[in-house]
Amino acid sequence: MVLSAILFATGLWLSLILLMRYTLKSLLSYHGWIFEPHGKMSTSTRLWMRLVKMFSGRRPLLYSFQAALPRLPVPNIDDTICRYLESVRPLLDDDQYKQMETLAYEFKKDQAPKLQKYLQLKSWWSNNYVSDWWEEYIYMRSRGPIMVNSNFYIMVRTTRALGVVPMCSYQYERMFNTTRIPGIETDTVQHLRNRKHLVVYHKGCFFKVWLYYGGRHLLPSELEQQFQYILNNSSEPQPGELKLAALTAGNRVPWAKARQKYFSDGVNKASLNAIETAAFFLTLDDEEHGYDPERPGSMDLYAKSLLHGKCYDRWFDKSFTLVVYKNGKIGVNIEHSWADAPIVGHMLEDVLATDYFRLGYTEEGHCKGDINKGLAFPTRLQWDIPKPVCVKSQICSYRIAKDLADDVDFHGYVFEEFGKGQIKKSKTSPDAFIQLALQLAHFRDKGEFCLTYESSMTRMFREGRTETVRSCTIESTAFVRAMKEKRLALFRIAADKHQNMYRLAMTGDGIDRHLFCLYIVSKLVDVESPFLKQVLSEPWHLSTSQTPQQQLNLVDIQKFPKYVGAGGGFGPVADDGYGVSYIIIGENLITFHISSKFSCPETDSHRFGQNIRQAMLDIRALFDQKQKKN
């Protein structure tokens, strides 16, 4: 009887847990709230919010919702093709569009049904039908340099959180103890648990620093002691040590071969293992950088330093390299395969707020706390780099990386004329406002429209990462062409269209990840599709991304403006295009990060930045004129 009662109670308990989990998953599959007008909430959404809060518990933890998050749905093939054709219409002439339309309809009739079935099967047995292929084929199989081309940066001086709706936390798992391992055909991501050290690079030398003592983390004062020891160390780099990290900046195959041949045994294997298993990589940079409004071009140099440095003083394979400059400014270089910018941005916001407002410093500028004289000092990593073969590999990788870095034309600036607060008074989405300004700026810069990429997150779904919002639309091009007549109505139509596309992307009804996965399926089952081949070969001449400011409660921006992050950026995606990242800071500031290539005579990052500034002001003028008339 007792055993039966225990079994019954256990079964009932498990059934209740499963019922609550699947009820919450069903609730989180509802996305009607995101399509409702700003400031208005339907009765059904109010009821939904109360139910979500009730089933979420009072104090959920980081991974509490993982099992309850819905899977990313596979969009309807007809919807995807229709939206794709609509997105390319303003970019093609009539003959080109008819040709693409023919390819699309042939694909829909012949290959699409079979490929769609395979993709739906995958969506049933995988947590996310996109993310594993996205990581493998977009990141891991790329054989070119990841520096500039893939890695991105975030500045630290220091979107609105969705509140009720939980975001997938899967990407946080690989923030620490993670590195990218080079391979001949494909790289892999190595993630370990419970690593207790980091590796520091300073003036050409590598040091191993233990982060634990007596079963606890080192205190800030103890870490300061360790880093001061490294700064005071006057030893010279060992032969081949100075530019060793250049191997991670060049092409992947030479690095994979060098790793197998020269770092598979002895001290080289042990030292490389110390780097690859470290919690993260830290560079104590001997230069001074940071944004200074009094020094024009300071943000440009700051960004280029974070993006590529000297091409040998960041370990580009680590999940992230924390860079601390001689003047105390900091920033990070992030390897992109394991996570997207909001994940690292979230961590840095918390780090900055903790550093300034919880830990603090003494009046002399030292970390608070006692110094433990019993701590072991950092140890130098030892190397036996064979000359001249391995050193030659370093030099070749360094030259490739240096040419790539020198070609990056970067311009960053803070737009202070107005910000989110003023835009919202016009009853317009700030992101849509900026994206339309980018379309106007690009048209003025190049005299034409182009395929435009804006990154949108899909983290409302399990293991979701990103989707593309195709910001160049029929509506946006109509608005840009009508700017001479200053047509405010067309702006509102284009802004509404952008917002709707962004919402569709966030809720699993985007275009590009679906087409990407259909293309992968076609390759796996050996089905030739001219339509998919054409779609996947189209270059993004304007690639854009908003860096969200997520934890608005951590810092009072009005009171502590210098503790607010300046966002981050990335290299240009196309040789003849622009990369634009922006962060909306509080109510009154927007920071832009613009990249292109010096080798392209058609692009100029500084010129494009000025075009963006003027476009923002011109669109603002539309609303000002409207208000005066009223």
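Numbering of residues starts from 1 in every chain and runs along the sequence as written. Restriction of local features to residues with pLDDT of at least 70 applies here, the model being predicted, together with a cutoff of 80 or more for giving and counting side-chain atom pairs; totals for whole chains, interfaces and linings are based on all residues. Computation of side-chain values covers all heavy atoms of the structure but excludes hydrogens and water.

### Considerations on the nonpolar core
As a rule of thumb, nonpolar side chains are buried together in soluble globular proteins. Operational definition: Side-chain atoms within 4.5 Å link the members of a nonpolar core, which is a set of buried Ala, Val, Leu, Ile, Met, Phe, Trp, Tyr and Cys residues. Accessibility here uses a 1.4 Å probe with only protein chains present; expressed as a share of the type maximum, an area under 20% marks a residue as buried, one over 50% as exposed, and anything in between as partly exposed. Runs of H or I in DSSP of at least four residues are treated as helices and runs of E of at least two as strands, each being numbered from the N terminus. Working rule for contacts: check all heavy atoms of both residues, and any pair within 4.5 Å makes them a contact.
By size, the foremost hydrophobic cluster in this structure holds 46 residues, and its most contacted members are Met-147, Phe-206, Phe-263 and Trp-315. Contributions of two or more residues to this core are made by strand E1 (152-156), strand E4 (197-202), helix H8 (252-262), helix H9 (266-276), helix H10 (298-307), helix H12 (389-406) and strand E12 (408-415). When residues of this core are assigned to their parent elements, the largest contribution, six residues, is made by H12. Excluding residues that lie within four positions of it along the chain, Met-147 makes contacts with Ala-249, Leu-307, His-308, Cys-311, Phe-316, Ala-401, Leu-404 and Ala-405.

### Quick look at the sheet that holds strand E17 (residues 578-585)
As a reminder of what qualifies: Think of it this way: DSSP has to see at least two bridges between two strands before they count as a pair. The axes used here are C-alpha line fits, helices contributing only the stretch in contact, and every angle between their N-to-C directions lies in the interval 0 to 180 degrees.
Strand order across the open sheet formed by six strands is E12-E18-E17-E15-E13-E14, with mixed pairing between neighbours. A single partner strand is all that each edge strand has here, and the edge strands are E12 and strand E14 (466-470). The sheet shows a mean angle of 20° between the axes of neighbouring strands, direction not considered. In terms of strand pairing, strand E15 (residues 542-546) meets E17 through five bridges, oriented parallel. Across the sheet, the residue bridging to Ser-545 is Ser-581, located in E17.

### Topic: the state of the cysteines
Here is the rule we go by: Two cysteine sulfurs form what is called a disulfide whenever their separation falls within 2.5 Å.
As enumerated under the stated definition, the model contains zero disulfides in all. Looking at Cys-450, it has no disulfide partner, and the nearest cysteine sulfur is the one in Cys-472, 6.4 Å off. Judged by its relative accessible area of 4%, Cys-450 is buried. Just so you know, Cys-600 is unpaired, no disulfide at all, and the nearest cysteine sulfur is the one on Cys-450, 12 Å from it. Of the residues examined, Cys-600 reaches a relative accessible area of 8% and is grouped as buried.

### As for the packing of aromatic side chains
Inclusion rule: Stacked, edge-to-face and tilted labels apply to pairs of Phe, Tyr and Trp rings (six-membered ring for Trp) whose centres lie within 6.5 Å, assigned for plane angles under 30 degrees, over 60, and everything in between, in that order. Remark: a charge is flagged as sitting over a ring if the NZ atom of Lys or the CZ atom of Arg is within 6 Å of the ring centre and within 35 degrees of the ring normal.
Summed over the entire model, instances satisfying the criterion amount to 31 aromatic pairs. Each ring, one from Tyr-312 and one from Tyr-398, has its centre 5.8 Å from the other, and the planes form 55°; the classification is tilted. Of this pair, Tyr-312 sits in the loop between H10 and strand E9 (320-324) while Tyr-398 sits in helix H12, placing them 86 residues apart in sequence. A residue is classified by how much of its surface remains accessible, and Tyr-398, at 18% relative accessible area, is buried. Following the ring pairs from residue to residue traces out a cluster consisting of Tyr-201, Phe-206, Trp-255, Phe-263, Phe-281, Trp-315 and Trp-383. Over the ring of Tyr-398 we find Lys-243; its NZ or CZ atom is 4.2 Å from the centre of that ring. The residue whose ring lies beneath Arg-513 is Trp-134, and the NZ or CZ to ring-centre distance is 3.8 Å.

### Some remarks on the UniProt feature "active site" (unreviewed entry) in the protein chain
Rules: UniProt positions are given in the numbering used here, feature names are shortened, and annotations may be inferred rather than shown by experiment. N or O atoms closer than or at 3.5 Å make up a polar contact, with two conditions inside protein: a donor-capable atom paired with an acceptor-capable one, and, for residues adjacent in sequence, both atoms drawn from side chains.
Mapped onto this numbering, the UniProt entry annotates "active site" (unreviewed entry) at His-336. Relative to the assigned elements, His-336 resides in the loop between strand E10 (330-334) and helix H11 (341-359). If we ignore the near neighbours within four places in the chain, the residues touching His-336 are Tyr-139, Ser-150, Asn-151, Phe-152 and Arg-465. Among the polar contacts made by the side chain of His-336, one reaches the side chain of Tyr-139 at a distance of 3.4 Å.

### A closer look at unusual backbone geometry
For the bond from Lys-387 to Pro-388, the omega torsion is -5°, close enough to zero to count as cis. Examined against the element boundaries, Pro-388 turns out to sit in the loop between strand E11 (379-380) and H12. In this model, Asn-177 sits at a positive phi of 60°, which is unusual for a non-glycine residue. Relative to the helices and strands, Asn-177 is located in the loop between E1 and strand E2 (178-181). On the accessibility criterion, Asn-177 (11% relative accessible area) is buried. Positive phi values are uncommon outside glycine, yet Asn-194 reaches one of about 55°. If you trace the backbone, Asn-194 turns up in the loop between strand E3 (188-191) and E4.

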